Amino acid sequence: MQIIEWIAIGLLLFLVTIVLLIARRAIYARAGGTIRCDLRVSTMLVGRGWSPGFARFVGDEMRWYRLFSIAVRPKRVLTRRGLAVESRRLPEGQERLIMPADWIILRCVGHQAPVEIAMALSTVTGFSSWIEAGPPDYQSPRLSMPPAA
């Protein structure tokens, strides 16, 4: 009889974890400004190291959360100031197996280490707009022009 009880407890813990994951995502989505995107957390193997997640835009920050985590703090925070898209590409090799067909991979550089973000093509425009927008005193590195000679 004890084996059945342990199985029931394990199943209950599993279901509680699933409910917490769904509730966490719903709370962040209800607040608005969230997008579905993957972040490359490791570059040790070509085409690997991608972690599914979602990002929230809060002021000048993009806060990225792992999809399968119950943590309330973001795993990575990118600030708009100094952030620029260095390149964009389609998924290659093994990346095509784990990402939807309409996703684009962006390599972003800034004050922090370079980061690769994968998101839907329809989301890239909004992300680029967020990078280029800013407070009145902010000049995007992408939009700044050298002085005329």
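Residues numbered from 1 in each chain as written. Predicted model: local features only at pLDDT ≥ 70, side-chain atom pairs only at ≥ 80, totals over all residues. Heavy atoms only, no water.

Chemist: An account of the overall build of the chain is requested, with residue identities and associated values reported.
Modeler: The helix and strand tally for the chain stands at three helices and seven strands. What you see in the chain, going N to C, is helices and strands ordered as α-β-β-β-β-β-α-β-β-α. Per-residue burial over the chain gives 30% buried out of 149 residues. Contacts in the chain between residues far apart in sequence, at least 24 positions, make up 44% of those at least 6 positions apart. When the accessible area of the chain is evaluated, it comes to approximately 9800 Å², of which 64% is carbon and sulfur surface. (Helix = DSSP H or I, 4+ residues; strand = E, 2+ residues; numbered from the N terminus. Buried < 20%, exposed > 50% of the residue type's maximum accessible area, 1.4 Å probe, protein only. Contact = heavy atoms within 4.5 Å. Areas by Shrake-Rupley, 256 points an atom, 1.4 Å probe, with all protein chains shown as cover.)

Chemist: Give me the lowdown on a nonpolar patch on the surface, citing residues and values where you can.
Modeler: Taken together, the side chains of L11, F14, L15, I18 and I22 present a nonpolar region at the surface, about 490 Å² in accessible area. Residue classification places I22 among the exposed positions, given a relative accessible area of 57%. (Patch = residues over 30% accessible without salt bridge, like charges linked within 9 Å, V, L, I, M, F, W, Y side chains within 5 Å. Salt bridge = Lys/Arg side-chain N within 4 Å of Asp/Glu carboxyl O.)

Chemist: Got a sec to walk through the sheet that holds strand β2 (residues 50-58)? Specific residues and values, please.
Modeler: Read from one edge to the other, the open sheet built from seven strands follows the order β4-β3-β2-β1-β7-β6-β5, with strand pairing classed as antiparallel. Each of the sheet's edge strands pairs with one partner strand only, and the pair in question is β4 (76-79) and β5 (84-89). Neighbour to neighbour, the strand axes of the sheet diverge by 35 degrees on average, direction disregarded. In the sheet, β5 pairs with strand β6 (residues 103-109) via five bridges, with the strands oriented antiparallel. (Pairing = 2+ DSSP bridges. Axes fitted to C-alpha atoms, helices over the stretch in contact; angles between N-to-C directions.)

Chemist: Help me get a handle on the pairing of strand β1 (residues 34-40), residues and values and all.
Modeler: For β1, the tally of buried residues reaches five of seven residues, placing the bulk of the element in the interior. The pairing of β1 with β2 spans seven bridges and is antiparallel. Paired with R40 across the two strands is W50, which belongs to β2. Relative to strand β7 (residues 115-120), β1 runs antiparallel, the two sharing three bridges.

Chemist: Describe in detail the UniProt feature "transmembrane region" (unreviewed entry) in the chain, supporting the description with residues and values.
Modeler: Per the UniProt record, "transmembrane region" (unreviewed entry) is annotated on residues 6-23. From the first C-alpha to the last, residues 6-23 spans 26 Å; its make-up is 100% helix and 0% strand. (UniProt positions renumbered as here; feature names shortened; annotations may be inferred.)

Chemist: Just give me the short version of the pattern of salt bridges, but keep the residues and values in it.
Modeler: Under the definition given, this model contains eight salt bridges. In this structure, D60 and R80 form a salt bridge, with 2.4 Å as the shortest nitrogen-oxygen distance. Of this pair, D60 sits in the loop between β2 and β3 (61-66) while R80 sits in the loop between β4 and β5, and the two are 20 residues apart along the sequence. Between E92 and R89 there is a salt bridge; the shortest N-O distance is 3.8 Å. In this structure, a network of salt bridges that share partners links the residues R40, R89, E92, E95 and E116.

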